[in-house]
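# Examining the three-dimensional arrangement
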4 protein chains.
Amino acid sequence: TAPSKLLIKGGTVVNAHHQQLADVYVEDGIIVAVEPSITVGDDVKVIDATGKYVMPGGIDPHTHLDMSFMSSGTIDDFFSGHAAALAGGTTMHIDFVIPVDGSLTAGYEAYERKAKKACMDYGFHMAITKWNDDVSREMEIMVKEKGINSFKFFMAYKGALMVNDELLLEGFKRCKSLGALAMVHAENGDAVDEGQKRMIELGITGPEGHALSRPAVLEGEATARAIRLANFVNTPLYVVHVMSIDAMEEIAKARKSGQRVIGEPVVSGLVLDESWLWHPDFKTAASYVMSPPIRSKGHDKELQAALATGVLQLVGTDHCAFNSTQKALGIDDFRKIPNGVNGIEERMHLVWDTMVESGQISVTDYVRVTSTECARIFNIYPRKGAILPGSDADIIILNPNSSFEISTKSHHSRLDTNVYDGKKGKGKVEVTISRGRVVWENNELKVTPGTGRYIPMQPYSYVFDGLDKKDATYLSSLKAPVKRAKSSS
Amino acid sequence: TAPSKLLIKGGTVVNAHHQQLADVYVEDGIIVAVEPSITVGDDVKVIDATGKYVMPGGIDPHTHLDMSFMSSGTIDDFFSGHAAALAGGTTMHIDFVIPVDGSLTAGYEAYERKAKKACMDYGFHMAITKWNDDVSREMEIMVKEKGINSFKFFMAYKGALMVNDELLLEGFKRCKSLGALAMVHAENGDAVDEGQKRMIELGITGPEGHALSRPAVLEGEATARAIRLANFVNTPLYVVHVMSIDAMEEIAKARKSGQRVIGEPVVSGLVLDESWLWHPDFKTAASYVMSPPIRSKGHDKELQAALATGVLQLVGTDHCAFNSTQKALGIDDFRKIPNGVNGIEERMHLVWDTMVESGQISVTDYVRVTSTECARIFNIYPRKGAILPGSDADIIILNPNSSFEISTKSHHSRLDTNVYDGKKGKGKVEVTISRGRVVWENNELKVTPGTGRYIPMQPYSYVFDGLDKKDATYLSSLKAPVKRAKSSS
Amino acid sequence: TAPSKLLIKGGTVVNAHHQQLADVYVEDGIIVAVEPSITVGDDVKVIDATGKYVMPGGIDPHTHLDMSFMSSGTIDDFFSGHAAALAGGTTMHIDFVIPVDGSLTAGYEAYERKAKKACMDYGFHMAITKWNDDVSREMEIMVKEKGINSFKFFMAYKGALMVNDELLLEGFKRCKSLGALAMVHAENGDAVDEGQKRMIELGITGPEGHALSRPAVLEGEATARAIRLANFVNTPLYVVHVMSIDAMEEIAKARKSGQRVIGEPVVSGLVLDESWLWHPDFKTAASYVMSPPIRSKGHDKELQAALATGVLQLVGTDHCAFNSTQKALGIDDFRKIPNGVNGIEERMHLVWDTMVESGQISVTDYVRVTSTECARIFNIYPRKGAILPGSDADIIILNPNSSFEISTKSHHSRLDTNVYDGKKGKGKVEVTISRGRVVWENNELKVTPGTGRYIPMQPYSYVFDGLDKKDATYLSSLKAPVKRAKSSS
Amino acid sequence: TAPSKLLIKGGTVVNAHHQQLADVYVEDGIIVAVEPSITVGDDVKVIDATGKYVMPGGIDPHTHLDMSFMSSGTIDDFFSGHAAALAGGTTMHIDFVIPVDGSLTAGYEAYERKAKKACMDYGFHMAITKWNDDVSREMEIMVKEKGINSFKFFMAYKGALMVNDELLLEGFKRCKSLGALAMVHAENGDAVDEGQKRMIELGITGPEGHALSRPAVLEGEATARAIRLANFVNTPLYVVHVMSIDAMEEIAKARKSGQRVIGEPVVSGLVLDESWLWHPDFKTAASYVMSPPIRSKGHDKELQAALATGVLQLVGTDHCAFNSTQKALGIDDFRKIPNGVNGIEERMHLVWDTMVESGQISVTDYVRVTSTECARIFNIYPRKGAILPGSDADIIILNPNSSFEISTKSHHSRLDTNVYDGKKGKGKVEVTISRGRVVWENNELKVTPGTGRYIPMQPYSYVFDGLDKKDATYLSSLKAPVKRAKSSS
Ligand SMILES: [Zn+2]
Ligand SMILES: [Zn+2]
Ligand SMILES: [Zn+2]
Ligand SMILES: [Zn+2]
Ligand SMILES: [Zn+2]
Ligand SMILES: [Zn+2]
Ligand SMILES: [Zn+2]
Ligand SMILES: [Zn+2]
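Just so we're clear, the structure is a prediction, and the values are computed from it rather than from any experiment. (Residues numbered from 1 in each chain as written. Chains lettered and ligands numbered in written order. Predicted model: local features only at pLDDT ≥ 70, side-chain atom pairs only at ≥ 80, totals over all residues. Heavy atoms only, no water.)

A few words on the coordination of the zinc ion (ligand 8). Residue and element names in this part refer to chain D. Protein coordination at the zinc ion (ligand 8) comes from His62 (NE2), His64 (NE2) and Asp318 (OD), with a distance range of 2.0 to 2.2 Å. If you list the donors of the zinc ion (ligand 8) from N- to C-terminus, the spacing comes out as H-x1-H-x253-D. Between the two metal centres, the zinc ion (ligand 8) and the zinc ion (ligand 7), the spacing is 3.8 Å. Taken together, the residues span a long stretch of sequence, with His64 in the loop between strand E8 (58-63) and strand E9 (68-69) and Asp318 in the loop between helix H11 (299-308) and helix H12 (324-327) at a distance of 254 residues. Of the two residues, His64 and Asp318, neither departs from the other in class, the shared state being buried. (Donors = N, O, S within 2.8 Å, 3.2 Å for Na, K, Ca; no water. Helix = DSSP H or I, 4+ residues; strand = E, 2+ residues; numbered from the N terminus. Buried < 20%, exposed > 50% of the residue type's maximum accessible area, 1.4 Å probe, protein only.)

On to helix H4 (residues 165-178) of chain A, then. Residues and elements named next belong to chain A. For H4, which comprises 14 residues, the first-to-last C-alpha distance of 20 Å matches the rise-based estimate of 20 Å (1.5 Å per residue) to within 8%. Within H4, burial applies to Asp165, Leu168, Leu169, Gly171, Phe172, Arg174, Cys175, Lys176 and Leu178. The backbone nitrogen of Glu166 has a side-chain oxygen 3.2 Å away, supplied by the residue at the start of H4, namely Asn164. (Expected span 1.5 Å × (residues − 1). Polar contact = N/O pair within 3.5 Å; in protein donor to acceptor, adjacent residues only side chain to side chain.)

Now for the interface of chain D and chain A. Facing the 32 residues of chain D at the interface are 32 residues of chain A. Of the roughly 2,600 Å² buried between chain D and chain A, counting both surfaces, carbon and sulfur atoms make up 51%. Per-residue buried area on chain D facing chain A is highest for His17, Lys256 and Thr309 of chain D; these three make up 24% of the total on that side. Counting every contact that joins chain D to chain A gives 4 salt bridges. Linking Glu249 of chain D and Lys256 of chain A is a salt bridge whose minimum nitrogen-to-oxygen distance equals 2.5 Å. For the side of chain D that touches chain A, the elements supplying multiple residues, two or more each, are helix H8 (245-256), H11, helix H14 (363-377) and helix H15 (467-477) of chain D. Sorting elements by how many residues they give to the side of chain D that touches chain A places H8 of chain D first, with 5 residues. (Contact = heavy atoms within 4.5 Å. Buried area = accessible area lost by both parts, 1.4 Å probe. Salt bridge = Lys/Arg side-chain N within 4 Å of Asp/Glu carboxyl O.)

Before going further, it helps to examine the sheet that holds strand E1 (residues 5-9) of chain C. All names here are of chain C. Read across the open sheet, the 4 strands follow the order E5-E4-E1-E6; overall the sheet is mixed. The two strands at the open ends of the sheet, each matched to only one other strand, are strand E5 (30-35) and strand E6 (45-48). Neighbour-to-neighbour, the strand axes of the sheet open up by a mean angle of 20°, direction not taken into account. Bridging between strand E4 (residues 23-27) and E5 involves 5 bridges; their strand directions are antiparallel. Bridge pairing in E5 links Tyr25 to Ala33. (Pairing = 2+ DSSP bridges. Axes fitted to C-alpha atoms, helices over the stretch in contact; angles between N-to-C directions.)

See the structure below:
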């Protein structure tokens, strides 16, 4: 079992707001002290971090572990997915609960069960896959009793998950009234449907048809629409998987005008490009199929730039692992390829290499975009996302002088492919500590199913601050109703 | 009766592409010659235009004459509306045929009857108020047999005229296949509905509630959406009544990227602001109710600027006249105020004063935005929109040194209000000639019901040029389908 | 000698404002009639244009023929350059007079002499290479007596041609007062100088250093600055050789706000990319050196898009031909490579293929961007730039079903390289007529030195329309001076 | 004298990264503990902060105390200015050292003397008023020996402080090499000069002429230019006093593309508008004269919005106090009115009321924009800008339920005017603590000259993180020099 006492010595401790040379002392899974030169007794395991960065473990805001799909589901569950995450320096994630037959409660309970094998901490968003009064009522239960403070709406997946603007507005209002964050998958589902039909008519049935059927303009459209509807309701909005310049530009524009919009790029969008979908090997090409699609060269760099300066705020993965036999369902029709790529294990390394090693962001920024901002947005800071006395001891030690190489063979996911296969870079997570337990060290995992805990998340995170005042400011600006004599001559 | 021969002497003849000192000779309603120093016999009526501009009569691309509304209808019909138009220098308009019980043919026939009393030339757009296979079929008849080359779709008026994105895409594709121009009324109908309910809940039932319930952001949203869907289908788009910076910005952005989008500001949006809707007198305030609403100060100037440089292309009116007893239907609920303002008579004077007198555009530009561009877009140039040999003799003589004043008392509409009441400015249409007949001179109208003709409009106007090649370019850019071995290892 | 009478039968006659099936009848170098089915006597040479486009000859707004450079000069003079132009369908150009020792008059006289061998019509801009009172005085002479209505200022070429902002403002004001159009070469000369030093320090002395030393951001900067200074003075601005998205975006932004800015892309910027400058063969790489540099892939497409919708208005070449022995001056230092590429012969074909064949613009637009808009801006329309009765008979016949191929071996320039070598496409100028003389037919040139005429250009072209009113509007908007009591307590 | 021990009980302690209910314990001017329920002995002064916010004292990044001007200088010196600051909740500022006869050292020494009477902590920026090798050398001394890590360049004040682009580039490079932050006053000085002459020629000599002579377009121009030049050199840039939408838009654009640009709005730009400059009373109007000028209505709101979402980062004042007798120097010519407004005392209250009370930002954001971000940028965090163990005890207690009113009569500046006179709002700084001393309590100041300390600021603050890597990334992207055979055939 894990030692209850731990000292990390000599490293550079990095929080989003500050970095300093300091030791970190941990007891019973909690950080007790962060100070230079802490001395401890012999019962304390000491880890030398000299020349390395000691940082909050990564928090992945966007994953789909053990998500049902036809008769099976995504291939990484709450154990294998967690193992992979921990090996890559991520110590918490927030997964999307999918309602069961429209029932949020049933969905929640199903995910409770799935998560029993967890070996790291986790939280839940809830996907809203249809809308009715029951759903609206259950949202309140989720927020007030179940620790869920965010709901995702789908503007795509016509005939299945898609909601129209009327329901989106209803959903946004409901979220606002509960202090919960509205999230959107932003693509125009009607147009995607049209695009898919067009491709099939053109005889384009392979994975490249996936990209061609849902171009960036449709993501830009839906992002613009969701932002403006959220503006109209005056509630914060979180845009998941920002994959294109088109979507990013809309977020930038809204933010410049003072609107509270959060943009989440995902690793695949930051470091890959769509050319893989044209790969002559179906298995390879299909492994890159996700929605919105990975875009053409150029989108990656601009998303990185926007992330660097805070136009986009945090990085997810949309880890949604289907192996090649599952992907093969779409061998004759790209519409049947299960959507999703891996990333939960690779995110921390790829963001370091792409953003920090290239000089685009500082190490403190790295902590912000991989961990702290997620914790703040979902209201679990500073319990998570910080190395501060009192915080959970979810900690990684990253050696900036070491290097990493990603390989399907050595990764910890159950997937038989890896969209990042062959990528190398500088910076290596050498140690991962989950609530005080050293779970990854010397390239070895030590994890036990059932050790992960559910982290309930309270509503009204900082993005709601002052919203009531903003509403009041709005109302007082209307100069209405105008007083009029009832009859006018 | 009108003399069959007419000489306009000594004026500056202005076409959109050129202006020159020249005489204009007309026979039997057709321009025969445009040259300096034409000499004619005694049987020719001669009009001296020295020091004045001789220009193509205005063409109003957007009107609603004799449109049914509850038990009555708009108060200007094809006679009174035409009389007003001619008194203001407009010699043709394009009205929107409203289908009858969903039937385009029935709608067309109804408008044929209404237009029997016409005293100037006119054409028709067709409004699409719902969508089904019959409508799709009838569109072809309208284009091929009835001289209609444009169809308007409504993104607002939920529960009535509004179409969703799926149908919008269908409509756009159908238009493209017929060479007909797709038009949109661009406001997010779902959000407008939400906004209206909000206002009523807030106790804001007066005309100011109209503006507050459908802010510019909702026009911007729908404009952005329509543009991107048209882009996705690769068909030209015409945005009617561009009322806000938000919508204009979207048009500018699309055009910069090479997309064929036409933006039609209307006079009310160019010269008025929303403050009238807060007027304490209901009758006054209600007269300014139209959709999208007239916006706050600032939108007007930016729309003018965009018009000056061709970001927006032509000016309409959306003339849709309801008198104050009709408007009074909404005395207790702004949602019941019939939407519409006047303008068919005032457009030419107000555009001159606002755009030319202020130095924002040249006189040739004036002709372009009030007449020629409309004729080109709707494929009736150079029969209309030009002073060239062979063109219809729809001509105005404008004295730049004279002045105008707009007044409810003296206008020629049947309306008992006028949203431009009291406006004065420089530049006066002193003579209007409709197909060779002098119908307005010395501030006197000489018009006869039934003298106006229907001007059928052929499909595939210049905005369709090269579209097939653009489609081909698109297809060849896809590099798809990729050839793949059927089985992948 | 050329027949004095000519009939072009059966073609589609295209003007910027309209295209129609018509014959064109020419006498003594002037177009006499444009009508269907003209019948003529036997003394008239008849050219069959069935199935072809009959269009105004191209006007190249930007060339440098016989420009002095060290002991020699550009290798195409007013004869060889004209021959090349005519073979490519261009029948007029506007060259830049370079002052001699600061004297505009001396410069003008030198160019008068150079142009004696002209075999097509030409006009002059004047470059302003330094600024003082004499220059200011001579500008008036150029405008009032010499037929020059445009002056170019250089924001680059530090230590040589560059003017600072103070002088740029002076120059703009002077232009405005004369009704002459201010033009700018827009790059930040100080920064270019810095960039050049940096490259040399890095050991980058080859042609790629040219591109790297003056990136697009510096063109964007200077374009933004020139536009804003022109705005401040309220005078129209013409930006020569718009090579980058950065510059184009600034023009788009200014135009959207109503400012009168004209953007001239050049063919090399529309169809090439910078990769040539990295070519391992110096001779090849050096032939692509011009300023601002040809940009990376992506700029070309966006410039095309902006041209398609009128954000940019007309296409030039900056034809400035140095052969490879001249270019070799910079073999050890890219700063010494004479700047300039060819294009006067290729422009019409490449614009057709790139813009019309791809479906981006219509044939009428083609005429506008290659001919008419230039004629309008420089105030020689409709003498030039139109096929109208009374216009000069500068006409081309283009066969859209034929094709072209560009080759250094077969081109008519004296250059021993050609940056478009090997380019093929659809559309072929089969006949060129210069003022009634058939100078290019059956791939044969028939030109005689001295047959070209100087076309003086009057000030106050249409871009100045209403500028005085705009100034008045500005002044009345100031609400100043405020009346104040002299002493305030 | 001040007690050496202090306990602030029961308040909400707010840092930029987190807020929590906690007590704050201070000893000897340093914060020792921040925890709930601290118990202390009787020797400790206890302040009850229940229901109030306990926050880091404000840091004003932009002031001009005791700045020489003609025979006198700004009227607030390091004592009166500090007193005013402390009464308003600001506990540190960074003033601009002005070189003496071009000597940085002499300037530094002069400011050392001026600051002897300081009663709160302060740091220094250095203004660069001309450029030569001595200046360049002295910059190194300032950075390495004197604790200065930022240098301001002037793009305006032609003939006096203005530097041209060549020198700006030199200065930027020098700053980069020293790890010092380059700052700019961004207005186009040549154009301002032109504008001033124009106003005088128009007879507009009053304060409104100040605004009219240097419109926002000139601030936008210079901001765009400085940003692009900084980009070209790859060094961070700090834009002081962002007063207009034009400048803000440029900053937003640069940041979106990943560039490190910091924008500092000042209070006057956030809460005032230019209409005051048209005030009929000269004394009043003149008191609002500063550069860049306070802009027209509309700029304020958009600057607030940009501040709310981090497009702009921190708020300054440009406190530069001239009393009405000094301002009267420009009674006949606005160019002679000394430029500057007050604000050091009012900033904290006005930002609270404008940004927090309106709901635009959270309380943590308030701390960030008024204190923490300044400390981070100038590399003194977390000594300043935080309430953390080890930080200086610069603390304020703000009561959100109390209110403030600004009045010339009651303010603590020596000024006889106040541009915020009469402004009221919610939120009141009830206690100010400067390094452990309670200097403001019960509306009473207790300050002693000479108690303020100089806070030296080290170079290479966080905005420089990774810059060397970014340079390396740039270099490796050049793919140059290309290897070429020396002679090419
Ligand atoms: Zn999704
Ligand atoms: Zn997902
Ligand atoms: Zn409408
Ligand atoms: Zn309408
Ligand atoms: Zn040039
Ligand atoms: Zn040139
Ligand atoms: Zn300043
Ligand atoms: Zn200052």
